[in-house]
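# Survey of secondary and tertiary structure
Now for the letters of each chain:
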Amino acid sequence: MAEVQSTAAADPARPLVKVRDLKMYFPIHSGLFRTHVGDIKAVDGISFDIMPGETLGLVGESGCGKSTVGRSILRLYDVTAGTVEINGSEIAHVDRDSLRSKRPMMQMIFQDPQASLNPRMTVANIIGEPLDEHMKLTAKERLERIYELMDWVGLNHAFAKRYPHEFSGGQRQRIGIARALALNPKFIVCDEPIAALDVSIQAQVVNLLETLQKRLNLTYLFISHDLSMVRHIADRVAVMYLGRIVEVASREKLFAEPLHPYTQALLSAVPEPDPESERHRSPIVLQGDVPSPANPPKGCNFSTRCPKVMDICRQIEPAVYDFGDGRQVACHLYSEDMTMTGEPTTGETTN
Ligand code: SF4
C-alpha cells in the first residue's frame, strides 16, 4: 500500500514543534462603517517547544486562549504574528498550497466528536476522507487502510458502514482519532479530547491516546482544563492565563512545587487522591473575574487577581525567568533582585 510520508524523520534531539511569540488577535469592528476599534487578544505572544514523542499539557481556565493556541499552530486561523515550526517546516506564514502539502504531518482531535464528524457520512468515508484528499489508493488499498486504522483505535470492522449517530460518545471519539491518524501525522493537537465524554470512558480514551503515542511515536499538545488528566498524560505542562503562558515545567516539578501565583491557585483547587494530603489542602480562592482579553490589565495580566501583587506588577509586564531545569516562570517574584534582596527589578529577562 502507498504510504504517506509526511516529511523527513524527526531529529530526536531537536524540538518537533517550535512556537515563538505567537499572537492571535481577533479584530473588533463597530458602527455603520465597521470601523476597527480594537482586538480580542486571545493569544498574546507565547513561545514553547515540544520534543519528538513528548506530550505538552496546556492548561488554564475556560476562555484563557488555550484552544486558540492549538488552532493557530495548525493554521486553522491565520495568525496575527509569530512563527510556528513543525518538523522543520514553517507553518504560520506559508501560502495555502504549501500548507495543504504539510497538513498530513499535523492533525487535530476535537473536543466534541458529535460536532466534528459529518452525520451524513459512513465511518469508512469519514476515516477515508483524508486518504482521498492526499493519497492515490486503489479501492482495496483504501479499505485495508481504513480497517487498519479501525483496528488501531479498537473499532469493529462491522461498524464501517454505519453512521456517527449510531455510536456512543467514546466510539465517536475513536472514529475521530482514526481519522486524525489516517495520514501518519507526527504531531497531534488534542483539544479537550475527553471533556465531552462520560467520566467512565474518559480514561479509556486517554489510555488509547497513550498507546497510540508509543506505537506511532506521536507528539501531542494536550489541551485540557482537567488538571488530574493532564497530570496523568503530560510530560511537561504549560499554564495559560489571559492569552499568555505564565509557567512551564515538568509535570513532576509543576505539581510538586508550583511557582507562579496563578498556578498555585489553579492546583490548590485540585482534590488530592491521598486522604491525608486532602485533609490539609487549602484552596486559594481568587477574587474578581478574569479581565476581558480585549482590554487586558497593564503590566502583569494576573495583577488584578493575584494575592501577591506588588506595585511593579501593575506597571511592567514580567519577563520570563528561566530556572535552567526546564522551568520558566513569568512573574516579578522571581526576578534576580527580588530573590536576592526582596526588591523587584524592572523585569529584565534572564533567557
Ligand atoms: Fe502576581 Fe506580580 Fe507575579 Fe503577576 S508579576 S503573578 S501580579 S506577583
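Fair warning: this is a prediction, and the values are worked out from it, not measured in the lab.

Definitions and cut-offs
- Residues numbered from 1 in each chain as written.
- Predicted model: local features only at pLDDT ≥ 70, side-chain atom pairs only at ≥ 80, totals over all residues.
- Heavy atoms only, no water.
- UniProt positions renumbered as here; feature names shortened; annotations may be inferred.
- Helix = DSSP H or I, 4+ residues; strand = E, 2+ residues; numbered from the N terminus.
- Axes fitted to C-alpha atoms, helices over the stretch in contact; angles between N-to-C directions.
- Parallel < 35°, antiparallel > 145°, perpendicular 65-115°, else oblique.
- Left-handed = near helix turned anticlockwise from the far one by under 90°.
- Contact = heavy atoms within 4.5 Å.
- Nonpolar A, V, L, I, M, F, W, Y, C, P; charged D, E, K, R; others polar.
- Expected span 1.5 Å × (residues − 1).
- Buried < 20%, exposed > 50% of the residue type's maximum accessible area, 1.4 Å probe, protein only.
- Arc of directions from axis to C-beta.
- Near = heavy atom within 4 Å.
- 1 Å grid on protein atoms, 1.4 Å probe; cavity = no way out; pocket = protein on both sides within 12 Å on 5 of 7 lines; lining within 4 Å.
- Sits in = over half its atoms within 2 Å of the grid points.
- Polar contact = N/O pair within 3.5 Å; in protein donor to acceptor, adjacent residues only side chain to side chain.
- Pairing = 2+ DSSP bridges.
- Core = buried A, V, L, I, M, F, W, Y, C linked by side-chain atoms within 4.5 Å.

### Some words on the UniProt feature "domain: ABC transporter" (unreviewed entry) in the chain
Feature annotation in UniProt places "domain: ABC transporter" (unreviewed entry) on residues 17-267, given in this structure's numbering. In the segment residues 17-267, helix accounts for 39% and strand for 28%; the C-alpha atoms at its two ends are 27 Å apart.

### Things to note about the packing of helix α6 (residues 169-181) against helix α7 (residues 199-216)
As a packed pair, α6 and α7 sit with axes 10 Å apart at the nearest point and diverge in direction by 20 degrees. When the axis of α6 is compared with that of α7, the two are roughly parallel. For the pair α6 and α7, the crossing hand works out as right-handed. Touching Gly170, Gln173, Arg174, Ile177 and Leu181 of α6 are Ile201, Gln204, Val205, Leu208, Leu209, Leu212 and Leu216, all from α7. Of the residues belonging to the contact of α6 with α7, the class tally is 8 nonpolar, 3 polar and 1 charged.

### Side note on helix α5 (residues 139-153)
Two residues of an α-helix separated by three or four positions point the same way, owing to the 3.6 residues in each turn. The end-to-end C-alpha separation of α5 is 21 Å, in line with the 21 Å expected for 15 residues at 1.5 Å each. By the burial criterion, the buried members of α5 are Arg142, Arg145, Ile146, Leu149, Met150, Trp152 and Val153. Seen from one end, α5 has its buried residues packed into an arc of 160 degrees, which puts them on one side.

### Let's talk about the site of the ligand
Of all residues adjacent to the ligand, which total 13 residues, the nearest are Cys300, Cys306, Cys313, Cys331 and His332. Structurally, the ligand is housed in the largest cavity. Classifying every residue of the shell around the ligand gives 9 nonpolar, 3 polar and 1 charged.

### So, the side chain of Thr263
Within the secondary structure layout, Thr263 lies in helix α10 (residues 261-268). Look at Thr263 and you get buried, because its relative accessible area is 1%. Here Glu247 takes part through its side chain, which lies 2.9 Å from a polar atom of the side chain of Thr263. Apart from residues lying up to four places away in sequence, Thr263 is in contact with Val239, Val246, Glu247, Leu254 and Pro258.

### Focus on the sheet that holds strand β11 (residues 320-322)
The 8 strands are arranged β6-β7-β8-β3-β9-β10-β12-β11 in an open sheet whose pairing can be described as mixed. For this open sheet the edge positions go to β6 (106-109) and β11, each flanked by a neighbour on one side alone. This sheet shows a mean twist of 20 degrees between the axes of neighbouring strands, independent of strand direction. Direction of pairing for strand β3 (residues 55-59) relative to strand β9 (residues 236-241): parallel, over a ladder of 4 bridges. Within the sheet, the bridge partner assigned to Val59 lies in β9 and is Val239. Its contacts with the sheet put helix α1 (residues 66-73) on β3, β6, β7 (187-191), β8 (219-224) and β9, and the angle it makes with β8 is roughly 150 degrees. On the sheet, α6 packs against β6 and β7 and is oriented at approximately 175 degrees with respect to β6.

### Topic: unusual backbone geometry
A positive phi angle is found at Arg34, which is not glycine, with a value near 50 degrees. For Arg34, the location among the structural elements is in the loop between β1 (17-30) and β2 (35-50). Looking at Arg34, the relative accessible area reads 54%, which means it is exposed. The phi dihedral of Arg75 is positive, around 60 degrees, even though this residue is not glycine. Its place among the elements puts Arg75 in the loop between α1 and β4 (81-86). Under the relative-accessibility criterion, Arg75 is labelled buried at 6%.

### Description of the nonpolar core
With 70 residues, the main nonpolar core has Ile177, Leu181, Leu209 and Leu212 as its most contacted residues. With residues up to four places along the chain from it excluded, the contact list for Ile177 reads Ile109, Val153, Val205, Leu208, Leu209 and Leu212. Counting 33 residues, the second-largest nonpolar core is a separate cluster that includes Val43, Leu74, Val84 and Val248.

### Some thoughts on the packing of helix α4 (residues 123-134) against α5
Running from N to C, α4 and α5 point in directions that differ by 115 degrees, and their axes come no closer than 10 Å. Between α4 and α5, the crossing angle belongs to the class labelled roughly perpendicular. The two elements α4 and α5 meet at a crossing, and its hand is right-handed. Of the residues in α5, those in contact with Val123, Ala124, Asn125, Ile127, Gly128, Glu129, Leu131 and Asp132 of α4 are Arg142, Arg145, Ile146, Leu149 and Met150. A per-class count over the contact of α4 with α5 returns 7 nonpolar, 2 polar and 4 charged.

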